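# Architecture at a glance
The primary structure of each chain is shown beneath.
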Amino acid sequence: MNLIIGNSEPVVRLKELIKQVVNTDLNILITGESGVGKELVVRSLHALSDRGDRPLVKVNCAALPGELLESELFGYEKGAFTGATMQKKGKFELAQNSTIFLDEIGDMSFALQAKLLQVLQDSVFSRVGGVEDVEVDAWVIAATHHDLELDVQNGKFREDLYYRLNMIKIMVPPLRDRKEDIPLLCDHFMRIHKGLAKGREITLSRELMDLFQEYNWPGNIRELENFIKRLMVFGESAPLCKELTIKIKNSQNAKSFTEPWVPDKSALDTVMEECRADLKRGFPSLKEISKKATGAIEAMVIEEALKRTDGNRKQAADLLQISYKALLYKIKDYGVMIPGQLPPE
Ligand SMILES: Nc1ncnc2c1ncn2[C@@H]1O[C@H](COP(=O)(O)OP(=O)(O)OP(=O)(O)O)[C@@H](O)[C@H]1O
Ligand SMILES: [Mg+2]
């Protein structure tokens, strides 16, 4: 359990939950952003359980295409396919009486999800190319950074499998929600990466620690660990302070563009009105309709970009990722108003 460093409230709650679910053998789904420590949670669960003296078996479901993943998970019989010269055990069999960690479960193909569901329901499966039932007793822990509920809604993930896996959900919080753990984490990473300092005594400056508190950590603990590794290599905080200051500034700039945008849809209504009028005269061509609809949407987006750049057309073109010339042409073509300028004659 002391694998997981931190005594912030979310981490204390996380450790409590881990203790509660250990040895229940209920399937567990671990969610959380990239780099938050999902794998560490799986390792803690396994280590604390009665299965902990056997090796944890890990499978990365995103690393292999469907068919290869099937034989990786379930093994195959001799002659199952070209190259299958002898029987091979899969990860489920290797995890007998231990724990199997299905990482990146959100990337598993729909077809394979059905076979996995069967194992979770009946604790039996057959090897690829085999008919014999293989019984397995493995604790199944899956992890993903996907929003699986959304994937279920979009038909990308089987609902029945989702409920089977999600008997217990453990959400690992992002680092920005537990910044008070940063000093402890820094000490920990400085200790384990001491070798990189090659015997020098390295200190973390007050300024760098303040920046660590200010930064939002999109890459979570892994990003913090990488910073510390570089601190140990460079031996001084100054270059990292410089880098972090720029990152913080960039993320503040980006924020002003993530403000909600409520588009004025009246332009689209006008297109629909025109379309209806066209219909009275005969059927409108699809090309004509697409052109009008695209034009209405482009004009709305261009107007918003100009608003957010205070009418600066160069910056707006950058934002829209089109050339300055193309933007000028579109502004004229659509008759878009530029903030701070009189409307075109
Ligand atoms: N609370 C923690 N205490 C100590 N080390 C941590 C903690 N959380 C994460 N780490 C370390 O941070 C690194 C990233 O963690 P981990 O690989 O478990 O993240 P992850 O959520 O599985 O990431 P990804 O989604 O990218 O696979 C690892 O080196 C891990 O040991
Ligand atoms: Mg991981």
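Here is a short report on the structure shown in this document. All values reported here derive from a predicted model rather than from experimental measurement.

Our next topic: the overall build of the protein. When you go through the protein residue by residue, the secondary structure sums to 15 helices and seven strands. Radius of gyration (C-alpha) of the protein: 28 Å, far over the 20 Å computed for a compact globule of 345 residues. Taken over 345 residues, the protein has a buried fraction of 40%. Sequence separation of at least 24 residues holds for 72% of the intrachain contacts in the protein that already meet a minimum separation of 6. Accessible surface computed for the protein: about 20000 Å², of which carbon and sulfur atoms make up 53%. Where the 47 positive side-chain charges of the protein centre and where its 51 negative ones centre are 5 Å apart.

Through backbone hydrogen bonds, the strands of a sheet pair up, either in parallel or in antiparallel fashion. Read across the sheet, five strands follow the order β2-β3-β6-β1-β7 without closing on themselves; strand pairing throughout is parallel. Edge positions in the sheet fall to β2 (57–60) and β7 (168–171), since each has one partner strand and no second. Looking at each pair of strands side by side, their axes are set apart by 20° on average, direction ignored. Where strand β1 (residues 28–31) meets β7, four bridges bridge the pair, whose relative direction is parallel. Bridging from a neighbouring strand, I30 pairs with I170 of β7. Taken strand by strand, helix α3 (residues 66–74) contacts β2 and β3 (99–103), and its axis lies near 175° from that of β2.

A word on the packing of helix α12 (residues 266–281) against helix α13 (residues 286–308). The contact between α12 and α13 brings their axes to 9 Å, and the two run at 165°. Classified by the angle between their axes, α12 and α13 sit roughly antiparallel to one another. Viewed along their axes, α12 and α13 form a crossing whose handedness is right-handed. Contact residues: α12 offers A267, L268, V271, E274, C275 and D278, while α13 offers I289, K292, A293, A296, I297 and M300. Within the contact of α12 with α13, the residues separate by chemical class into nine nonpolar, no polar and three charged.

Attention now moves to the pattern of salt bridges. Under the counting rule described, the total for this entry stands at 22 salt bridges. Ionic pairing is found between E9 and R13, a salt bridge with its closest N-O pair at 3.2 Å. Within this pair, E9 and its partner R13 are both found in helix α1 (residues 9–21), separated by four residues, close to a single helical turn. Judged on exposure class, the residue E9 and its partner R13 are both exposed. For E33, the salt bridge goes to R176, with nearest N and O atoms at 2.6 Å. You can see E33 sitting in the loop between β1 and α2 (38–48) and its partner R176 sitting in the loop between β7 and α8 (182–192), a full 143 residues away along the chain.

The subject of this paragraph is the packing of α3 against helix α5 (residues 110–122). Closest axis-to-axis distance for the α3/α5 pair is 10 Å, and the angle between their directions is 15°. The pairing of α3 with α5 is recorded here as roughly parallel in orientation. In this structure, α3 crosses over α5, and the sense of that crossing is left-handed. In this structure, α3 contributes G66, L69, E70, L73 and F74 to the contact, and α5 contributes L112, K115, L116 and V119. Residues of the contact of α3 with α5, tallied by class, amount to six nonpolar, one polar and two charged.

Basis of the calculations
- Residues numbered from 1 in each chain as written.
- Chains lettered and ligands numbered in written order.
- Predicted model: local features only at pLDDT ≥ 70, side-chain atom pairs only at ≥ 80, totals over all residues.
- Heavy atoms only, no water.
- Helix = DSSP H or I, 4+ residues; strand = E, 2+ residues; numbered from the N terminus.
- Rg over C-alpha atoms; globule rule 2.2 N^0.38 Å.
- Buried < 20%, exposed > 50% of the residue type's maximum accessible area, 1.4 Å probe, protein only.
- Contact = heavy atoms within 4.5 Å.
- Areas by Shrake-Rupley, 256 points an atom, 1.4 Å probe, with all protein chains shown as cover.
- Lys, Arg positive; Asp, Glu negative; His and termini not counted.
- Charge placed at Lys NZ, Arg CZ, Asp CG, Glu CD.
- Pairing = 2+ DSSP bridges.
- Axes fitted to C-alpha atoms, helices over the stretch in contact; angles between N-to-C directions.
- Parallel < 35°, antiparallel > 145°, perpendicular 65-115°, else oblique.
- Left-handed = near helix turned anticlockwise from the far one by under 90°.
- Nonpolar A, V, L, I, M, F, W, Y, C, P; charged D, E, K, R; others polar.
- Salt bridge = Lys/Arg side-chain N within 4 Å of Asp/Glu carboxyl O.

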